[in-house]
Amino acid sequence: MNQDYSSLYSDYNNELKPLVSEIEGRTEMFEKGLLTHLATMFDEIALHAQAKADCQDEEATKHLNLADESLRISIKDSYQTLIMVIDKNIKAFSRQVGKSLSKLSGGRFVGLFKSQLKNAREYINAEDYKNAYKEYSKLEEACNKQIPEVITHGTSCVRVWGTILEWLLSICISVGVGIVVSCYSTEIKGFMRYLIDWLC
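Reading the values: the criteria
Residues numbered from 1 in each chain as written. Predicted model: local features only at pLDDT ≥ 70, side-chain atom pairs only at ≥ 80, totals over all residues. Heavy atoms only, no water. Helix = DSSP H or I, 4+ residues; strand = E, 2+ residues; numbered from the N terminus. Buried < 20%, exposed > 50% of the residue type's maximum accessible area, 1.4 Å probe, protein only. Contact = heavy atoms within 4.5 Å. Areas by Shrake-Rupley, 256 points an atom, 1.4 Å probe, with all protein chains shown as cover. Patch = residues over 30% accessible without salt bridge, like charges linked within 9 Å, V, L, I, M, F, W, Y side chains within 5 Å. Salt bridge = Lys/Arg side-chain N within 4 Å of Asp/Glu carboxyl O.

Structural notes on the overall build of the protein chain
Stage number 1. Of regular secondary structure, the protein chain possesses six helices and zero strands.
Stage number 2. Beginning at the N terminus, the succession of helices and strands in the protein chain can be written as α-α-α-α-α-α.
Stage number 3. Counting only residues that meet the buried cut, the protein chain has 27% of its 200 residues in that class.
Stage number 4. For the protein chain, the share of sequence-separated contacts (at least 6 apart) that also reach a separation of at least 24 residues comes to 67%.
Stage number 5. Accessible surface, the protein chain: about 13,500 Å² in total, of which carbon and sulfur atoms supply 59%.

What follows is the structure, encoded as structure tokens:
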């Protein structure tokens, strides 16, 4: 491989490609803005090669720098896209859990959640998208580990409310039957005698 392209290719292969794969896996689409920057990068590489062939070193360096700049923009945009996707997932988790967030892992999870979210937002404010992405990924992983507890907590709440509703319903039915029996006791006794006579 041409020595001029080794750094560019390494960053493209080791950093951008995994990000693009994750974006496609999470969103099931390819970002249009990313396509533009990638096309620009490859155009600049072609122009660099042409300038090198024509012995125009200054022009070749300019095109190589523009290719590198396009790659950096692609990487930054990829991190920003992933941060938005993960942030959306974390917000959905937070909405789903609601006030129970403070009860997860015996109350320890809410501190971790707030701390990692604060760290991630500080990285975003500093425009350090790579580290912001890492923090958001850790936070998303921590949220995913809490899902079994969320399901268990939600299921137990449903079970408790279901038991309470069954109990209330059985009381209402018993009271209703008791009222009917007390109001129509003579008619019911007569009906029961008729039924016994008929069966015998």
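What to know about a nonpolar patch on the surface
Stage number 1. A surface patch of nonpolar side chains, amounting to about 450 Å² of accessible area, comprises Tyr194, Trp198 and Leu199.
Stage number 2. Here Leu199 lies in helix H6 (residues 185-199).

A look at the side chain of His63
Stage number 1. Here His63 is to be found in helix H3 (residues 57-97).
Stage number 2. For His63, a relative accessible area of 9% puts it in the buried group.
Stage number 3. Sequence-distant contacts of His63, that is, excluding residues within four places in its chain, are made with Glu44, Leu47 and His48.

Things to note about unusual backbone geometry
Stage number 1. The phi torsion at Glu28 lies on the positive side, around 60 degrees, for a residue other than glycine.
Stage number 2. Within the secondary structure, Glu28 is located in the loop between helix H1 (6-27) and helix H2 (32-53).
Stage number 3. Owing to a relative accessible area of 72%, Glu28 belongs among the exposed residues under this scheme.
Stage number 4. You will see that Glu127, though not glycine, has its phi angle at about 60 degrees, which is positive.
Stage number 5. Position of Glu127 relative to the elements: it lies in the loop between helix H4 (109-125) and helix H5 (129-183).
Stage number 6. Note on Glu127: relative accessible area 60%, which makes it exposed.

Looking at the side chain of Asp87
Stage number 1. Examined against the element boundaries, Asp87 turns out to sit in helix H3.
Stage number 2. A relative accessible area of 14% means that Asp87 is categorised as buried.
Stage number 3. Not counting chain neighbours up to four residues away, the residues in contact with Asp87 comprise Arg121 and Tyr136.

Details of the pattern of salt bridges
Once their charged atoms are close, side chains differing in charge can pair, the charge on each being opposite to the other.
Stage number 1. Under the definition given, this model contains nine salt bridges.
Stage number 2. Put simply, Lys62 and Glu59 hold a salt bridge, and the shortest N to O gap is 3.3 Å. Of the two residues, Lys62 and Glu59 are both situated in helix H3; the distance of three residues between them amounts to about one turn of the helix.
Stage number 3. Residue Lys138 is joined to Glu135 by a salt bridge in which the shortest nitrogen-to-oxygen separation is 3.5 Å. A residue pair is termed a helical-turn pair when its members lie 3 or 4 positions apart in one helix, as Lys138 and Glu135 do in helix H5 at three residues.
Stage number 4. Given a relative accessible area of 45%, Lys138 falls into the partly exposed group.
Stage number 5. For Glu135, a relative accessible area of 11% gives the class buried.

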